[in-house]
Amino acid sequence: MQESVIVQELNGNEAGSNPSYLVRCVQGIGGALQTVTRLIGKLLDAAYDRLIIEYMLKNSIVGIGPFFPPVLFPHLKVLEDNWETIRDEVVALRSKNPFPLLQDVEPSQTWEKNGNWETLLLRVYNIDIEENMNELPSLAKLLRGLNDVPTAMISLLKPGAHIAPHCGYYNGVLLYH
């Protein structure tokens, strides 16, 4: 309906005598195309995500489930064995300054929005954040011995913090707490 009105009005005098009207018509069509393009993009993203999720679940080397026994990851026991050293380093560093809020580091997160979750990135996609690693030398040494840990961070929750239930995208990323 709107398209036929535009065509009728373009055939009339208003379009010829008023260039801004023609610009508004073109902008309206462009806006509609952008909306349709965004919708198609979202549908394709959802289909692609579904295919990735199904592939990862089907090919997961650890299986399907929300939790996995630590025995599946014996090389990570070094972190558990050194938890007191790690804790002491983190407490000492945190006593100097608060860590950044999770929502400032990862704006897309929706699990905690009240400023009760602090996080300090140490490694992201196999790239060490040297400034932060240098602040925690014992932990840094342990992490540098774990080549199959692509991302590492310290997360601190303030007393009374509540994290909304959530899950990761697929079993391709496993969290070790």
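Residues numbered from 1 in each chain as written. Predicted model: local features only at pLDDT ≥ 70, side-chain atom pairs only at ≥ 80, totals over all residues. Heavy atoms only, no water.

**Student:** Would you mind showing me how to read the pattern of salt bridges here?
**Tutor:** A side chain of one charge can pair with a side chain of the opposite charge when the charged atoms of the two come close. Applying the stated criterion across every chain yields a total of 7 salt bridges. Residues Asp-128 and Arg-144 are paired through a salt bridge, measuring 3.6 Å at the closest nitrogen-oxygen approach. Separated by 16 residues along the polypeptide, Asp-128 in strand S2 (residues 127–128) and Arg-144 in helix H8 (residues 137–144) bring together distant segments of the chain. Relative accessible area serves as the criterion here: at 38%, Arg-144 is assigned to the partly exposed category. Connected via shared salt-bridge partners are Arg-123, Asp-128, Glu-130 and Arg-144. (Salt bridge = Lys/Arg side-chain N within 4 Å of Asp/Glu carboxyl O. Helix = DSSP H or I, 4+ residues; strand = E, 2+ residues; numbered from the N terminus. Buried < 20%, exposed > 50% of the residue type's maximum accessible area, 1.4 Å probe, protein only.)

**Student:** Would you mind going over unusual backbone geometry with me for this structure?
**Tutor:** Unusually for a residue other than glycine, Tyr-125 sits at a positive phi of about 50 degrees. Considering the arrangement of structural elements, one finds Tyr-125 in the loop between strand S1 (117–124) and S2. Even without being glycine, Asn-126 reaches a positive phi, approximately 65 degrees. Looking at the element boundaries, Asn-126 is found in the loop between S1 and S2.

**Student:** Can you help me understand the sheet that holds S2 in this one?
**Tutor:** Strand pairing within a sheet occurs via backbone hydrogen bonds; the two strands may be parallel or antiparallel. One open sheet holds the 3 strands; their spatial order is S2-S1-S3, and the pairing between them is antiparallel. A strand with exactly one partner marks an edge of an open sheet, and here the two such strands are S2 and strand S3 (152–157). Bridge count for S1 against S3 is 6 bridges, and the pairing is antiparallel. From the neighbouring strand, Leu-120 faces S3, where its bridge partner is Ile-154. (Pairing = 2+ DSSP bridges.)

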